[in-house]
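The residues making up each chain are set out below.
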Amino acid sequence: MIKFLNEDREVVTADGANLRLKAIENGVDIYKFVGKMMNCGGYGQCGTCIVEIVEGMENLSPLTEVEKRKLKNKPDNYRLACQTLVNGPVTVKTKP
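Only a predicted model underlies this, so the values are computations on that prediction, with no experimental measurement involved.

*Asks:* Would you take a moment to explain unusual backbone geometry for this structure?
*Replies:* Backbone phi values are negative for most residues with the exception of glycine, while trans is the configuration of most peptide bonds. Here the phi dihedral of D8 falls at roughly 50°; this positive angle occurs in a residue that is not glycine. By the secondary structure assignment, D8 is in the loop between β1 (2-4) and β2 (9-11). Unusually for a residue other than glycine, K95 sits at a positive phi of about 50°. Position of K95 among the secondary structure elements: in the segment after β7 (90-94). Exposure remark for K95: the relative accessible area of 35% places this residue in the partly exposed category.

Put into structure tokens, the structure is as follows:
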């Protein structure tokens, strides 16, 4: 289960689901204005799909090398949605 706080929406998903894809499939907009036009399509290159994990960090895949570089100066609970696999309940804040 993924709970999107800003959108007040809950999405049921299978373990191992990609956070970005599940958001898009369910009409949850994770991109700010520039990211809508300039995103890399989920390859981890642009860093525009940043989300804040409010609860359930332990239910996510480990940080990828791409995330370690892109999120170097960000809070520890920020993730790139395109690089994050969900393996249990998580609460997400989009566009932090």
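*Asks:* I tried to follow the side chain of E52 on my own but got confused; where do I start?
*Replies:* Tracing the sequence through the fold places E52 in strand β4 (residues 50-55). Among buried Asp, Glu, Lys and Arg side chains, E52 stands out as unpaired, with K93 the closest opposite charge at 4.5 Å. Separated by 3.3 Å, the side chains of E52 and N77 make a polar contact. Excluding its chain neighbours within four sequence positions, the residues that come into contact with E52 are N77, Y78, T91, V92, K93 and P96.

Procedures and definitions
Residues numbered from 1 in each chain as written. Predicted model: local features only at pLDDT ≥ 70, side-chain atom pairs only at ≥ 80, totals over all residues. Heavy atoms only, no water. Helix = DSSP H or I, 4+ residues; strand = E, 2+ residues; numbered from the N terminus. Buried < 20%, exposed > 50% of the residue type's maximum accessible area, 1.4 Å probe, protein only. Lys, Arg positive; Asp, Glu negative; His and termini not counted. Salt bridge = Lys/Arg side-chain N within 4 Å of Asp/Glu carboxyl O. Polar contact = N/O pair within 3.5 Å; in protein donor to acceptor, adjacent residues only side chain to side chain. Contact = heavy atoms within 4.5 Å.

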